[in-house]
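Survey of secondary and tertiary structure
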Amino acid sequence: MYKNTLKAMLAGAMLIATPLAATAQDYTLRATANSNENDEDYDGLVVFKNFVESASNGAIAVELFIGTQLCSNGAECLQGVADGSIDIYISTSGGASGIFPYVQVLDLPYLMADDRVAEAVLAGDFTRKLRQMALEDSGDTIRLMTVGNTGGWRNFANTKRRVAAPADMEGLKIRTVVADLPQELVRALGASPTPIPWPELFTSFQTGVVEGSKNGITDIMGMKFPDAGLQYVTLDGHAYMGALWWMSNQRFLEMPEDMRRVVVDGFYALQQATFASPKRKSIAAYEEFVAGGGDLYVPTPDEKAAFKEAAAPVFDWFKANVGRGEEVFDALNSAVAEAEAEINAARAADLQ
C-alpha cells in the first residue's frame with residue numbers, strides 16, 4: 001500500500017515537474033566583462049547572476065564570459081550588444097567613448113567629492129539621463145542599465161616625487177589612455193600625457209618611458225607597479241572610476257514586465273556590490289603599498305581646491321569639443337548639487 005502510494009506521488013511529481021522543466025530558463029542572458037575574476041566587475045556579475053536566477057525562479061539563466069571570449073574591446077563589445085550577439089557588457093567610460101563620447105563626463109576631475117556623493121548621483125536620475133541619450137544615439141539598440149564602480153577612485157601616482165600641488169606635476173610624463181579628455185587634464189596640470197597600452201605600463205615605468213599614471217590603488221597593486229618604481233601616490237580622487245553596464249535593448253524589452261523587473265532589481269544589486277567591493281579591496285592594497293615603502297599623501301582641502309582650479313580648463317574643453325557635452329555636463333552638475341544638498345541635510349539630522 002505504502003509503495004503504491006509512493007509511486008503515485010512520484011508520478012504526480014514528475015507530471016508537475018515536466019511543464020516546469022519546459023518553462024525553466026525561458027531567457028538566457030550572455031554577459032561579458034573584459035577583466036578577470038579578481039575584478040569588481042566579476043563580483044557584480046556573480047551577485048547579478050545569483051539574484052536574477054533566484055528571483056526569476058529559474059526562468060532566466062545568466063551565462064558569464066570573463067575575459068575576451070566574446071569580444072575584446074569596447075567598440076567590438078558594444079557592437080555585439082547592438083546586434084544582439086551579446087546581452088550584457090560592462091565598459092569604462094573610455095571604452096564606450098568612441099560610440100557615446102559624452103560618457104567621458106564621468107572622467108571630468110573633481111566634480112564628485114566622495115563615495116557618498118558619487119553613489120547618490122549614479123543611483124539617481126543622472127544615470128537615466130545617460131540611458132536616454134544612449135538609446136537615442138544607438139537607434140534604441142543599446143540600453144544603459146546602471147553605473148557602478150570598477151576600482152575606486154583615480155589618483156595620481158608617480159616614480160619621482162610626492163605630489164602635493166599642481167606645480168609638483170610639472171614635467172612628469174603621465175600615462176594616459178588614447179583619449180582626448182585625460183590628455184587635456186594632464187596638460188592642464190602641467191604634466192606631459194603619454195598614451196601607453198595597459199599591458200606595456202609596467203615596463204614603461206621601469207625604463208622611464210612614463211613616470212606616472214592615474215589609477216586606483218587596487219589596479220596599482222594588482223599589476224605590481226611599485227616593483228617597477230611607482231612609489232608615490234597622491235589621494236586627490238580626481239575621478240570616480242565609473243563602470244557602465246550595457247544591455248541589448250531588444251533583449252530587455254522582449255521580456256515580460258515581471259522578468260524585466262527582476263533584471264532591473266538585479267542590476268541594482270550588482271551596482272551595490274560594485275560600490276562596496278573596491279572599498280574592501282583597497283584596504284589591503286593601501287596597507288601593502290605603505291608596507292613596501294610607498295609614500296601615500298592625502299591633500300588638504302586647500303590643496304585639493306588648487307588641483308580643481310588648475311583643472312578648470314578641461315571643463316570648457318569638454319563642453320566645446322564633445323558632442324552633447326554641455327548637456328551632460330549640466331546634468332551631472334545639477335545631480336551633484338542635489339545629492340550634496342540631500343546628504344548634508346541628512347548628515348545634519350543625524351548629528352542631532
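Procedures and definitions
- Residues numbered from 1 in each chain as written.
- Predicted model: local features only at pLDDT ≥ 70, side-chain atom pairs only at ≥ 80, totals over all residues.
- Heavy atoms only, no water.
- Phe/Tyr/Trp six-rings, centres within 6.5 Å; stacked < 30°, edge-to-face > 60°.
- Helix = DSSP H or I, 4+ residues; strand = E, 2+ residues; numbered from the N terminus.
- Buried < 20%, exposed > 50% of the residue type's maximum accessible area, 1.4 Å probe, protein only.
- Lys NZ or Arg CZ within 6 Å of the ring centre and 35° of its normal.
- Pairing = 2+ DSSP bridges.
- Right-handed = clockwise from strand over helix to strand, strands pointing away.
- 1 Å grid on protein atoms, 1.4 Å probe; cavity = no way out; pocket = protein on both sides within 12 Å on 5 of 7 lines; lining within 4 Å.
- Points joined across faces, edges and corners; volume = space filled by probe spheres on them.
- Nonpolar A, V, L, I, M, F, W, Y, C, P; charged D, E, K, R; others polar.
- Lys, Arg positive; Asp, Glu negative; His and termini not counted.
- Salt bridge = Lys/Arg side-chain N within 4 Å of Asp/Glu carboxyl O.
- Polar contact = N/O pair within 3.5 Å; in protein donor to acceptor, adjacent residues only side chain to side chain.
- Contact = heavy atoms within 4.5 Å.

With that settled, the discussion passes to the packing of aromatic side chains. Summed over all chains, the structure comprises eight aromatic pairs. A centroid spacing of 5.2 Å and a plane angle of 75 degrees characterise the contact between F205 and F225, whose relative ring orientation is edge-to-face. Here F205 is found in helix α8 (residues 201-207), whereas its partner F225 is found in the loop between α9 (217-222) and β8 (232-248), with 20 residues between them in sequence. For the pair F205 and F225, a shared accessibility class is recorded, and that class is buried. The residue whose ring lies beneath R260 is F252, and the NZ or CZ to ring-centre distance is 6.0 Å. The ring centre of Y102 lies 5.9 Å from the NZ or CZ of R324, which sits over that ring.

With that out of the way, let us pick up unusual backbone geometry. Residues apart from glycine generally show negative phi values, whereas peptide bonds are mostly found in trans. In this structure, Y110 is a non-glycine residue whose phi angle is positive, near 65 degrees. Along the polypeptide, Y110 turns up in the loop between α4 (93-96) and α5 (115-122). Despite not being glycine, K224 has its phi angle at roughly 55 degrees, a positive value.

Burial analysis of strand β2 (residues 60-66) places five of its seven residues in the buried class, which makes it a mostly covered element. Looking at chain direction, strand β1 (residues 27-33) and β2 are connected through seven bridges and run parallel. Note that in β2 the partner of L29 across the bridge is V62. Viewed along the sheet, the connection from β1 through helix α2 (residues 40-55) into β2 turns out right-handed.

Empty space within the largest pocket amounts to approximately 1,500 Å³. Along its surface, the largest pocket is lined by 49 residues, and N34, T92, R154, W198 and D219 are the ones closest to its centre. Tallied by class, the residues present in the lining of the largest pocket amount to 17 nonpolar, 22 polar and ten charged.

Turning next to the side chain of R131. Its place among the elements puts R131 in helix α6 (residues 125-137). Buried R131, no salt bridge; nearest opposite-charge side chain is D125, N-O distance 8.0 Å. Within polar-contact distance, the side chain of R131 engages the backbone oxygen of M145 at 3.1 Å. Among residues more than four places away in sequence, those in contact with R131 are R143, L144 and M145.

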